[in-house]
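Understanding the architecture of this molecule
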Amino acid sequence: MEPIKRKLDSGSDNTKNVAKTKKSKTKESHSSELEAKKIKTPEEISIGRFVNGRTDIYPVWQSLLQRWFSESSTEVYIVTPFMDLERLYEICFFMLENQSAANLRAIYVREISNVRVPKKNPPKFIPYWKFGPGYKPDDPEAYGALIRAFLDAFSPKYRSYVKEHVISKLTNPKSTFHGKFAAGVKANSAQVLITSANFQGHHFDHNNYETVCYSTMTKLDFEDRFLNNIQIE
């Protein structure tokens, strides 16, 4: 009976291996399908889509900012109620790569966090700093310390640039808002990425599904439909 048992065990192992191989191939096939469905250009979302924030929206957000910051004639606006330090660092790096061209006009934001949410058991959201009304932070002393800590992450060679061209652009608008968009305005036209995703790890580092739309319009329409509203008291 022993040889039969061994034979059965062997057959069982083979069955498991075959099943494992099929599962692996299915997973690879699914991954390939997802890869094929990824958004390749902003124009693909011109009529809006409901897609993965990490694999679709985040790469488009990055590529648009990199493109806009490389064009000296393009003014960039970034609007999000919640942002984390990782995305703020990223904006700085994109601009440092294009110091002679990058033209950031404003980052409208309510709260910035330094919390990197883990994949399991995410902690309660903790504000890194929170702006108060009138463009002033709630706690000037703490705000100053945090800004210095952020700037210390950069070498002295780049610190003054980041302070002047990025930190000084952080603005708490007078209006309460929860909308998110990024825009590049060049001459009389504007390109606008509109999404339900906050520009932070909660939405960019995890497989959350979000709405997103890429739209082009005149500069006047952009100011009337978007920019003027974020600046209203």
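Shown above is the structure to which this text applies.
Keep in mind the model is a prediction, meaning the values are calculated, not measured. (Residues numbered from 1 in each chain as written. Predicted model: local features only at pLDDT ≥ 70, side-chain atom pairs only at ≥ 80, totals over all residues. Heavy atoms only, no water.)

Observations regarding the overall build of the protein
The cut-off we apply is this: Comment: elements are numbered from the N terminus, with helices defined as DSSP H or I runs of at least four residues and strands as E runs of at least two. Type-normalised accessible area, obtained with a 1.4 Å probe on protein chains alone, sets the label of each residue: buried when under 20%, exposed when over 50%, and partly exposed for intermediate values. By definition in these notes, contact holds between two residues if any of their heavy atoms fall within 4.5 Å. Note on areas: Shrake-Rupley with a 1.4 Å probe; residue coverage comes only from the protein chains shown.
Counting its secondary structure elements, the protein contains seven helices and ten strands. Out of the 233 residues belonging to the protein, those deemed buried represent 42%. Long-range pairs, those at least 24 residues apart, make up 71% of the contacts in the protein between residues at least 6 apart in sequence. Carbon and sulfur atoms make up 52% of the accessible area of the protein, which totals about 13500 Å².

Describing the packing of helix H2 (residues 53-69) against helix H3 (residues 85-96)
Put simply, the rule reads: For every element, the axis is a line fit to its C-alpha atoms; helices are fit only across the contacting stretch, and the angle between N-to-C directions ranges from 0 to 180 degrees. Should the near helix be turned anticlockwise from the far one by less than a right angle, the crossing is left-handed, and should it be turned clockwise, the crossing is right-handed. For this scheme, ten residues count as nonpolar: Ala, Val, Leu, Ile, Met, Phe, Trp, Tyr, Cys and Pro. Four count as charged, namely Asp, Glu, Lys and Arg, and the remainder, Gly too, count as polar.
At a minimum axis distance of 9 Å, the contact between H2 and H3 shows a crossing angle of 35°. The chirality of how H2 crosses H3 is right-handed. Of the residues in H3, those in contact with Tyr 58, Trp 61, Gln 62, Leu 65, Gln 66 and Phe 69 of H2 are Arg 87, Glu 90, Ile 91, Phe 94 and Met 95. The class makeup of the residues in the contact of H2 with H3 is seven nonpolar, two polar and two charged.

Observations regarding the packing of H3 against helix H5 (residues 156-165)
Axes are the key here: two packed helices are described by the angle between their axes and the distance separating the axes. To keep it simple, the criterion reads: Roughly parallel refers to an angle under 35 degrees, roughly antiparallel to one over 145, roughly perpendicular to one between 65 and 115, and oblique to any angle outside these ranges.
Viewed as axis vectors pointing N to C, H3 and H5 meet at an angle of 110°, and their least axial separation amounts to 11 Å. Overall, the two elements H3 and H5 adopt an arrangement that is roughly perpendicular. The handedness of the crossing between H3 and H5 is right-handed. On the side of H3, the interface is formed by Cys 92, Met 95 and Leu 96, while H5 contributes Tyr 158, Tyr 161, Val 162 and His 165. In terms of residue class, the contact of H3 with H5 is made up of six nonpolar, one polar and no charged.

Describing the environment of Ile 45
Counting through the fold element by element, Ile 45 comes out in the loop between helix H1 (2-37) and strand S1 (49-52). Since its relative accessible area comes to 1%, Ile 45 is described here as buried. Ignoring any residue separated from it by four or fewer positions in sequence, one finds Ile 45 in contact with Ile 39, Val 60, Leu 193, Val 212, Cys 213 and Tyr 214.

Some details on the pattern of salt bridges
Heads up, the rule is: Salt-bridge detection follows one rule: a side-chain nitrogen of Lys or Arg within 4 Å of a carboxyl oxygen of Asp or Glu.
Considering all chains together, one arrives at four salt bridges under this definition. For the salt bridge of Arg 87 with Asp 205, the shortest nitrogen-to-oxygen distance reads 3.1 Å. Residue Arg 87 is found in helix H3, and its partner Asp 205 is found in the loop between helix H6 (201-204) and strand S10 (209-218); the two are separated by 118 residues along the sequence. With a shortest N-O distance of 3.9 Å, Asp 221 and Arg 225 are connected by a salt bridge. Linking Asp 221 with Arg 225, this pair stays in helix H7 (residues 219-230), spanning four residues, or about one helical turn.

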